[in-house]
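# Descriptive analysis of the structure
Take a look at the letters that make up each chain.
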Amino acid sequence: RPMATAIVSIILTFALTGVIGNMLVQKWQYRNWINQQNFLGEEKQYFALITLWEELTTLASRRLWKMRRLLNVVAGGDKEKIEQRLSEYDSVLSDWNEKLNSMSVRLTLYSSWKLEWELENHLQRSFLNAGLRLERITKARLATGMFDKKLAHELRLAFDDLSRAL
């Protein structure tokens, strides 16, 4: 009888340990798998945000550079060169405007609405205001040959502010 009790006890211990142990291992493996999936999702989102940030800063830098180049030739007065630089600026401005909505949506998706708000209400507004003044001084130079030195100085300061914002 004691031998049968010992055998039953060993079999039950083995069975219960195997079943409970297996259930615990499965639960831990599932939890680890979920954590890995969350980490991979966050990693993908992080890399997407880095890519977006590089696109945004590259495009903004190109736009600012073309604005500076245009203002520099407007000051010189060479009509042909002004028209060439105006065309270059128009091209990068078109790129910026085409991609702005996409960048805004992705910035909200990958980061926060606050950063998108900053993009829209600070950076974009500063670019818009400087761009309108740059176009005004350029058109005046092309139409009348006149050059507003005060406005040019204000634009250079605005470009410096934009450069710091980037």
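Our structure's up above, just so we're on the same page.
Residues numbered from 1 in each chain as written. Predicted model: local features only at pLDDT ≥ 70, side-chain atom pairs only at ≥ 80, totals over all residues. Heavy atoms only, no water.

### Focus on the overall build of the protein chain
Helices and strands together make up the secondary structure of the protein chain, namely four helices and zero strands. In the protein chain, the succession of α and β elements from N to C terminus is α-α-α-α. Relative to its length of 166 residues, the protein chain is extended, with a C-alpha radius of gyration of 32 Å against a globular reference of 15 Å. Overall, the protein chain is about 115 × 25 × 20 Å in size when its C-alpha atoms are taken along their principal axes. Counting every position in the protein chain, which comprises 166 residues, the buried fraction comes to 23%. (Helix = DSSP H or I, 4+ residues; strand = E, 2+ residues; numbered from the N terminus. Rg over C-alpha atoms; globule rule 2.2 N^0.38 Å. Buried < 20%, exposed > 50% of the residue type's maximum accessible area, 1.4 Å probe, protein only.)

### Considerations on the side chain of R141
Mapped onto the secondary structure, R141 falls in helix α3 (residues 113-144). No salt bridge is formed by the buried R141. Its closest oppositely charged neighbour is D78, at 9.7 Å. Apart from residues no more than four positions distant in its own chain, R141 is found in contact with V74, A75, G76, G77, I82, M146 and F147. (Lys, Arg positive; Asp, Glu negative; His and termini not counted. Salt bridge = Lys/Arg side-chain N within 4 Å of Asp/Glu carboxyl O. Contact = heavy atoms within 4.5 Å.)

### Topic: the layout of surface pockets
Of the volumes computed, that of the largest pocket is approximately 320 Å³. In terms of lining residues, the largest pocket is bounded by 18 residues, among which E118, H122, L123, A165 and L166 are the most central. For the lining of the largest pocket, the elements supplying multiple residues, two or more each, are α1 (2-76), α3 and α4 (149-165). Counting residues per element, the lining of the largest pocket draws most heavily on α3, at eight residues. A class-by-class count of the residues in the lining of the largest pocket yields twelve nonpolar, three polar and three charged. (1 Å grid on protein atoms, 1.4 Å probe; cavity = no way out; pocket = protein on both sides within 12 Å on 5 of 7 lines; lining within 4 Å. Points joined across faces, edges and corners; volume = space filled by probe spheres on them. Nonpolar A, V, L, I, M, F, W, Y, C, P; charged D, E, K, R; others polar.)

### Describing the pattern of salt bridges
Any two side chains of opposite charge can pair if their charged atoms end up close together. This model, assessed by the stated rule, comprises nine salt bridges. Between R85 and E88 there is a salt bridge, with the nearest N and O atoms lying 3.9 Å from each other. A residue pair is termed a helical-turn pair when its members lie 3 or 4 positions apart in one helix, as R85 and E88 do in helix α2 (residues 79-110) at three residues. Taking relative accessible area as the criterion, R85 reaches 13% and is therefore assigned buried. Its relative accessible area of 22% is what places E88 among the partly exposed residues. One continuous salt-bridge network, built from bridges that share partners, spans K66, R69, R85 and E88.

### Examining α2
With 32 residues, α2 should reach 46 Å at 1.5 Å per residue; the first-to-last C-alpha distance of 45 Å fits that figure. The largest bend in α2 comes to about 40°, at K99. Among the residues of α2, those classed as buried are I82, R85, Y89, V92, L93, W96, L100, M103, S104 and L107. Where α2 is buried, its residues meet α1 and α3. (Expected span 1.5 Å × (residues − 1). Bend = angle between axes of the 7 residues up to and from the residue.)

### Re the packing of α1 against α2
At a minimum axis distance of 9 Å, the contact between α1 and α2 shows a crossing angle of 155°. If you check the angle between α1 and α2, you find them roughly antiparallel. Of the two possible hands of crossing, α1 and α2 adopt the one that is left-handed. Grouping the constituent residues of the contact of α1 with α2 by class yields 21 nonpolar, one polar and eleven charged. (Axes fitted to C-alpha atoms, helices over the stretch in contact; angles between N-to-C directions. Parallel < 35°, antiparallel > 145°, perpendicular 65-115°, else oblique. Left-handed = near helix turned anticlockwise from the far one by under 90°.)

### A closer look at the environment of Y89
Topologically, Y89 is positioned in helix α2. A C-alpha to C-alpha distance of 30 Å links Y89 and F47, two positions 42 residues apart in sequence. Those residues in contact with Y89, other than ones at most four positions away along the chain, are R63, K66, M67, L70, G131 and E135.

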